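So you can see what is in the structure, the chains are spelled out below.
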Amino acid sequence: MGSYIELNDTLQITTEQGFPANILDLKKHQEKPIQLSEVQNKIFEFKEKPNARIFHHAPTRCFLVHNIDGKWLYWGKIFIIEQTITGDKQENYKTSGKYKIIEIYDPEYQKQITLHETSEGLSYFQ
């Protein structure tokens, strides 16, 4: 008998799972870059990521990625400050938690890292 737990350095979430799309809006960011000071003291929540996952905790950073219709858009770096795994069997496990944004990428770097770090066909910019 064994267990399956994923180790992640990337929090890749949809708006429904807790990505703050009302604050981190790509069009606005490209027109006038969003500054860290706009989100620095806020705590955000994510919910119901499928499977049992362990994210790196502060002071180790994780990447923040917005999943938009299956396409990945890198936004910056975060600290995971809390996480919970729920479910009664492996196929029902969900991971939820809280995070703080510690870096927001400049729009040009955001495009470059998104193109470079995503698997073929997953980049928001392809």
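Residues numbered from 1 in each chain as written. Predicted model: local features only at pLDDT ≥ 70, side-chain atom pairs only at ≥ 80, totals over all residues. Heavy atoms only, no water.

Structural notes on the pattern of salt bridges
Threshold: The rule for a salt bridge is simple: a side-chain nitrogen of Lys or Arg has to be within 4 Å of a carboxyl oxygen of Asp or Glu. The helix and strand labels rest on DSSP assignments: H or I over at least four residues marks a helix, E over at least two residues marks a strand, and numbering proceeds from the N terminus.
Counting across every chain of the model gives four salt bridges. The closest approach of N and O atoms between R61 and D9, which form a salt bridge, is 4.0 Å. Of this pair, R61 sits in the loop between β4 (53-55) and β5 (62-68) while D9 sits in the loop between β1 (6-8) and β2 (10-13), and the two are 52 residues apart along the sequence. For K77, the salt bridge identified is with E103, shortest N-O distance 3.4 Å. Placement of the pair is K77 in strand β6 (residues 71-86) and E103 in strand β7 (residues 94-104), with a sequence separation of 26 residues.

Remarks on unusual backbone geometry
What counts, and what does not: Any residue under 20% of the maximum accessible area for its type is buried, any over 50% is exposed, and the rest in between are partly exposed; the area is computed with a 1.4 Å probe on protein chains only.
Across the junction of A58 and P59, the peptide omega takes the value 15°, indicating a cis bond. Here P59 is to be found in the loop between β4 and β5. Here N51, not a glycine, exhibits a phi torsion of approximately 80°, which is positive. Considering the arrangement of structural elements, one finds N51 in the loop between β3 (44-50) and β4. For N51, a relative accessible area of 30% gives the class partly exposed.

Examining the sheet that holds β5
We count it as follows: When DSSP locates at least two bridges between a pair of strands, those strands are taken to pair. Simply put, an axis is a line fit to the C-alpha atoms, just over the touching stretch for a helix, and the angle between two N-to-C directions goes from 0 to 180 degrees.
Spatial strand order, β2-β5-β6-β7-β3: five strands in an open sheet with mixed pairing. The sheet is open, and its two borders are formed by β2 and β3, each paired with just one other strand. Averaged over all adjacent pairs, the angle separating strand axes in this sheet is 45°, with direction ignored. The pairing of β2 with β5 spans four bridges and is parallel. Considered in β5, the bridge of Q12 is made with V65.

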